[in-house]
Amino acid sequence: MTPSTIILVDDEDELRRSTAQTLDLAGFKVRDTASAERALDLLNPGFNGVVITDIRMPGMDGMTLMNRIRDIDVDIPVILITGHAEVQLAVKAMREGAYDFIEKPFNAQDLADRTARAIDHRRLVLENRILRAAAGKRDDIEARLPGRTQIMVDLRYQLRAVGGTDADVLIIGDTGSGKEVLARALHDISGRAERPFVAINCAALPETLIESELYGHEAGAFPGALRARYGKFEHARTGTILLDEIGSMPLELQAKLLRVIQERVITRLGSNEPVPLDARFIATSKVDLEAEVAAGRFRADLFYRLNVVTLRMPSLAQRRADVPLLFLQLVREASGRYRRDHVEVAPEVLVEVARRQWPGNVRELRNAADRFVLGLGLGGEQETLRDADGGRLADQVADFERSVIAGTLSAHRGNLKPVYEALGISRKTLYEKMQRYGLDKGTAPSE
Ligand SMILES: Nc1ncnc2c1ncn2[C@@H]1O[C@H](COP(=O)(O)OP(=O)(O)OP(=O)(O)O)[C@@H](O)[C@H]1O
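Residues numbered from 1 in each chain as written. Predicted model: local features only at pLDDT ≥ 70, side-chain atom pairs only at ≥ 80, totals over all residues.

Thoughts on helix α3 (residues 62–72)
Inference 1: Residues of α3 that are buried: Gly 62, Met 63, Leu 65, Met 66 and Ile 69. An end-on view of α3 places all buried positions within 160° of arc, on one side of the element. The outward face of α3, more than 90 degrees from its buried face, is lined by the exposed residues Thr 64 and Asp 71.
Inference 2: Buried positions along α3 lie against β1 (5–9), α2 (36–41), β3 (49–54), β4 (78–82) and α4 (87–95). (Buried ≥ 20, exposed ≤ 12 C-beta atoms within 10 Å, placed from the backbone. Helix = DSSP H or I, 4+ residues; strand = E, 2+ residues; numbered from the N terminus. Arc of directions from axis to C-beta. Contact = placed C-beta atoms within 7 Å.)

Set out below in structure tokens:
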């Protein structure tokens, strides 16, 4: 990405020059101008930078400029410079979409901090855009959350239903089942798709730093806090905040979080100034939070607040019929990642994949696909088929083979060529097997 540029707009020459110098000394690349119209000429959608403008100017004022900038690209951060008596105006501007404001006279450090934060925010927004454009994934929920079992069909339906709303969402699911993938899909189909998606792993945050990580702090808020720092919540602003493994959050922080979710404001440590927060919260949990509430480890009020919309990411054990197809998809992805040409998956391999339990869910299946593509086998259990349940091995193999072929046929909507190619068998063999198992082109996958 090209280096960020600050466009500074102020009609007062002296103040503009000294502000430009301050920003320059802080290491920013600055272009300054006395005219709002000129500033607009410098902007385009995808502009990598930030606009800092005085609010009072003859001709086009700062508020009008901000609105014109939002017409160009709604996510370009605009920082307004206000006079002492103009705080009301600044608050109105924040409500209308200004990123931040700074009151005159301001000190150099404060200006540099606010500018740095706005630049970080802009970078996150642009990175998100690039990622999404590259993947072309905006509406492609089925490709991201594949599966033909009813439980997955229902989940995608629920996802689309809540995607367009602003409702906070709780996602429950076993380890490795794809909760974060689901959360990102939710963000990408929401009206916040272009805004930052900030994932916070609550289990990995050190307890002593958790508050300043989330809420930020002012300089001197605690020993060692030399400079002010913006927290993760402020980084997300109008985007989505993912609270991964919310059940690991200490009880006293749960109370604070509840307040943030309800009141939609945050206050940095060491500050009295509330900052508005218009983010959507998504929380995930591996464990049943109701049981945690009963055990006194999770606050009931926070649970009820989060539990308004709950999506359940099924484990692979709950959707076994999806496993072979999912494996084929993961093999295709891994082949791309490792730059291997078309890696064939023999039917015996799919049978083995379908037979296994996969307690680590998609993560474990994905690792197996990676190993397979690299020629290392599936890993994990013994590679040979075992007569696990006491049934005749040949019958079990036949059952799995039938479900694999039925699933692949259904995935390709009865189009045979991609089916025998994906399964690594000839057209003739596919016909024979379809006949043997009583399958036709329109066969639905068997559970
Ligand atoms: N549908 C999918 N297609 C491809 N990869 C997937 C899919 N679902 C999950 N994965 C991969 O599986 C792994 C686990 O997914 P994810 O991190 O979303 O699970 P999780 O439920 O949040 O896990 P944990 O509970 O351990 O945090 C990741 O590497 C992810 O990329």
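Once the structure has been displayed, the description carries forward.
Here's the deal with the sheet that holds strand β13 (residues 280–285)
Inference 1: Sheet architecture is open: 5 strands sit in the order β7-β10-β13-β6-β14, paired in parallel fashion. Both edges of this open sheet fall to β7 (197–201) and β14 (310–313), since each of them pairs with a single strand only. Here the average twist between neighbouring strands, direction ignored, is 20°.
Inference 2: In this sheet, β13 lies alongside strand β6 (residues 169–173) in parallel orientation, the contact comprising 4 bridges. The residue bridging Val 169 from the neighbouring strand is Ile 282, located in β13. (Pairing = 2+ DSSP bridges. Axes fitted to C-alpha atoms, helices over the stretch in contact; angles between N-to-C directions.)

Quick notes on the UniProt feature "modified residue: 4-aspartylphosphate" (unreviewed entry) in the protein
Inference 1: Here the UniProt feature "modified residue: 4-aspartylphosphate" (unreviewed entry) sits at Asp 54.
Inference 2: As for its placement among the helices and strands, Asp 54 is situated in strand β3.
Inference 3: Setting aside chain neighbours within four positions, we find Asp 54 in contact with Val 9, Asp 10, Asp 11, Gly 62 and Ile 81. (UniProt positions renumbered as here; feature names shortened; annotations may be inferred.)

What about the packing of helix α14 (residues 323–337) against helix α16 (residues 361–373)?
Inference 1: Here α14 crosses α16 at 50°, and the two axes come no closer than 8 Å. With respect to α16, the axis of α14 lies oblique. When you trace α14 past α16, the crossing you get is right-handed. Across the interface between the two elements, Val 323, Leu 326, Phe 327, Leu 330, Val 331, Ala 334 and Ser 335 of α14 pack against Val 362, Leu 365, Arg 366, Ala 369, Asp 370, Phe 372 and Val 373 of α16.
Inference 2: When its residues are assigned to classes, the contact of α14 with α16 shows 11 nonpolar, 1 polar and 2 charged. (Parallel < 35°, antiparallel > 145°, perpendicular 65-115°, else oblique. Left-handed = near helix turned anticlockwise from the far one by under 90°. Nonpolar A, V, L, I, M, F, W, Y, C, P; charged D, E, K, R; others polar.)

Quick look at the confidence of the model for the protein
Inference 1: Per-residue confidence for the protein gives a mean pLDDT of 87, with 93% of residues at or over 70.
Inference 2: Scored below 50 in pLDDT, residues 382–391 makes 7 contacts in the model with residues more than four places away or belonging to other chains. (pLDDT = per-residue confidence, 0-100.)

Concerning the site of the ligand
Inference 1: Taken together, 17 residues sit near the ligand, with Gly 178, Lys 179, Glu 180, Val 362 and Arg 363 positioned nearest.
Inference 2: Sorting the residues of the shell around the ligand by element identifies α8 (179–188) and α16 as the ones contributing at least two each.
Inference 3: Grouping the amino acids of the shell around the ligand by side-chain chemistry returns 5 nonpolar, 5 polar and 7 charged.
Inference 4: Looking at the shell around the ligand, you find at least three residues from each of domain 2 (141–314) and domain 3 (317–437). (Near = placed C-beta within 6 Å. Domains from an automatic or database assignment.)

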